[in-house]
Every structure is written in structure tokens, then in C-alpha cells.
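Here is how the chains run, residue by residue.
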Amino acid sequence: MKRAIFPGSFDPITLGHYDIIQRGLSLFDELVIAIGENAEKRYMFSLEERIRFISEAFAGEPRIRVMSYTGLTVDFCKKVEAGFILRGLRNPGDFEFEKAIAHTNRKLSEIETVFLLTASGKSYISSSIVRDVIRNGGDFTGLVPDTVRVSKS
Ligand code: ADP
């Protein structure tokens, strides 16, 4: 049984994440979407909303679980008995950043990081751009799964 975690903030999940998750399912038996909670970070969407958007987007896919975690990613991997970390790469900036983290995680554990290249046409999508579009009242629906909803307040 090959189990991987796909860690991130998912604030909110985008079609870029969605694509990596779907393709990850062809590599692994089970994927745990791991929402990292950092007390110093301010999020646009609550943890409950972020979990709901992902769970609803993959409703009916029993090989996907959505969980949140705090602390070291490698410790969370051990907790859920995952041998792999899945990450997406969009550009050279992602590569440099991810390389340092993957090397560090290898130093701390036996866990391997597996990278998938972003799908062509999705490399420009990021949660931060989606948040900017939302903040400024733009149409964000083509960038995220249709389970992402913005409540009017
Ligand atoms: P983090 O704060 O850890 O970067 P994100 O939620 O922004 O969390 O991203 C989680 C993972 O998804 C990262 O590996 C990131 O590179 C990947 N990712 C984000 N957007 C895309 C995209 N458009 N195409 C491919 N991978 C992506």
C-alpha cells in the first residue's frame, strides 16, 4: 500500500491543486490531503471551509482523505503512515524552494518527496492570485473547483 500526503495551505484549493491530486491518484493507493495550520499565518478561509471545499471536490473518491496538521510535515507522515510527500512544481522558484525542503525532510526521515510538474495551462494558478481576485470582486470560478464558495458577509 503506497500512501502519500499532499501538504499545503489550500487557501483555497485551486484547479492547479486539483490536477496534481488527480494525477497523484494514479501513482499512489491513497492520498491524504494535509492542510498545514500555522498559528502565525492569517488565512482567508477558515480551516473548516478549506476542508469542506476539498472534501466536496473529491466526494465519492474513497482513496482521498482530508486532514489538518500542525508541526513538522515528516512527523505527520509518520502519524498517518505515509512514505511519500507529493508536491507540485510550477516554476524555477518552486523548484529552489522545494529542493531545500525536500533535502531537509530527507535528513530528518526516510520519507521521499515526489514532484509532479504542473499541467500546461495551470502553472499560473495560485491560491494567492485567487484570493486577490476574490478580494477585488472578480470572477474566480474558472480558477477553482466549483465547490469553492465565497460567503457574502
Ligand atoms: P504551500 O503554502 O505549502 O505552498 P499551497 O496550498 O500554495 O501550499 O500549495 C500546495 C502544493 O501545491 C505545493 O506543492 C504547490 O507547489 C502546489 N501547487 C500550487 N498551485 C499549483 C499549480 N497551479 N500547479 C501545480 N502545483 C501547484
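Here, every reference points to the structure presented above.
Read on for an overview of the structure. Numbering of residues starts from 1 in every chain and runs along the sequence as written. Reporting of local features is limited, given that this is a predicted model, to residues whose pLDDT is at least 70; pairs of side-chain atoms are given and counted only at 80 or more, and all residues count toward the totals for whole chains, interfaces and linings. Only hydrogens and water are removed before side-chain values are computed, so all heavy atoms of the structure are retained for them.

**Looking at the site of the ligand**
Moving on, step 1. Here, proximity means that at least one heavy atom of the residue falls within 4 Å of the molecule or strand. Taken together, 17 residues surround the ligand, and among them S9, G88, T118, K122 and I125 come closest.
Moving on, step 2. Within the backbone of F10, one N or O atom sits 3.0 Å away from an oxygen atom of the ligand.
Moving on, step 3. Whenever a nitrogen or oxygen atom comes within 3.5 Å of another N or O atom, the pair is scored as a polar contact, on the condition that within protein one atom can donate a hydrogen and the other can accept it, and that pairs from neighbouring residues in sequence are kept only if both atoms are in side chains. Interatomic distance of 3.3 Å between a side-chain N/O atom of R90 and a nitrogen atom of the ligand.
Moving on, step 4. Mapping the ligand onto the cavity grids shows that it belongs to the largest pocket. Detection works on a 1 Å grid of protein atoms alone, calling trapped sets that fit a 1.4 Å probe cavities and calling open sets with protein on both sides within 12 Å along at least five of seven lines pockets, with lining residues defined by an atom within 4 Å of a point. A molecule is counted as occupying a cavity or pocket when more than half of its atoms fall within 2 Å of that pocket's grid points.

**Points about the layout of surface pockets**
Moving on, step 1. In this structure, the largest pocket occupies an estimated 990 Å³ of space.
Moving on, step 2. In this structure, the largest pocket is lined by 41 residues; those nearest its centre are P7, G8, S9, R87 and E98.
Moving on, step 3. Here a strand is any run of E in DSSP of at least two residues, a helix any run of H or I of at least four, and the numbering for each starts at the N terminus. When residues of the lining of the largest pocket are traced back to their parent elements, those giving at least two are β1 (3–8), α1 (15–24), α3 (73–80), β4 (84–89), α4 (92–108) and α5 (127–135).
Moving on, step 4. Per-element tally for the lining of the largest pocket: the top contributor is α4, with six residues. Grid points are joined across faces, edges and corners, and a volume is the space filled by probe spheres set on the points.

**Quick look at the nonpolar core**
When a protein is soluble and globular, its nonpolar side chains tend to lie buried together.
Moving on, step 1. Grouped together as the largest cluster of nonpolar side chains are 27 residues, with contacts concentrated most on I21 and L31.
Moving on, step 2. For this core, the leading source of residues is helix α2 (residues 47–57), giving four residues.
Moving on, step 3. Contacts between residues were defined by any pair of non-hydrogen atoms, one from each residue, lying within 4.5 Å. The contact partners of I21, leaving out residues within four places of it in the chain, are F6, I13, L31, I33, F58 and I64.
Moving on, step 4. Core analysis: the next-biggest nonpolar cluster, separate from the first, contains eleven residues, Y69, V74, V80 and A82 among them. What is meant by a nonpolar core is a set of buried Ala, Val, Leu, Ile, Met, Phe, Trp, Tyr and Cys residues, joined one to another through side-chain atoms within 4.5 Å. Exposed residues in this analysis have more than 50% of their type's maximum accessible area, buried residues have under 20%, and partly exposed residues fall in between, with area computed by a 1.4 Å probe over protein chains only.

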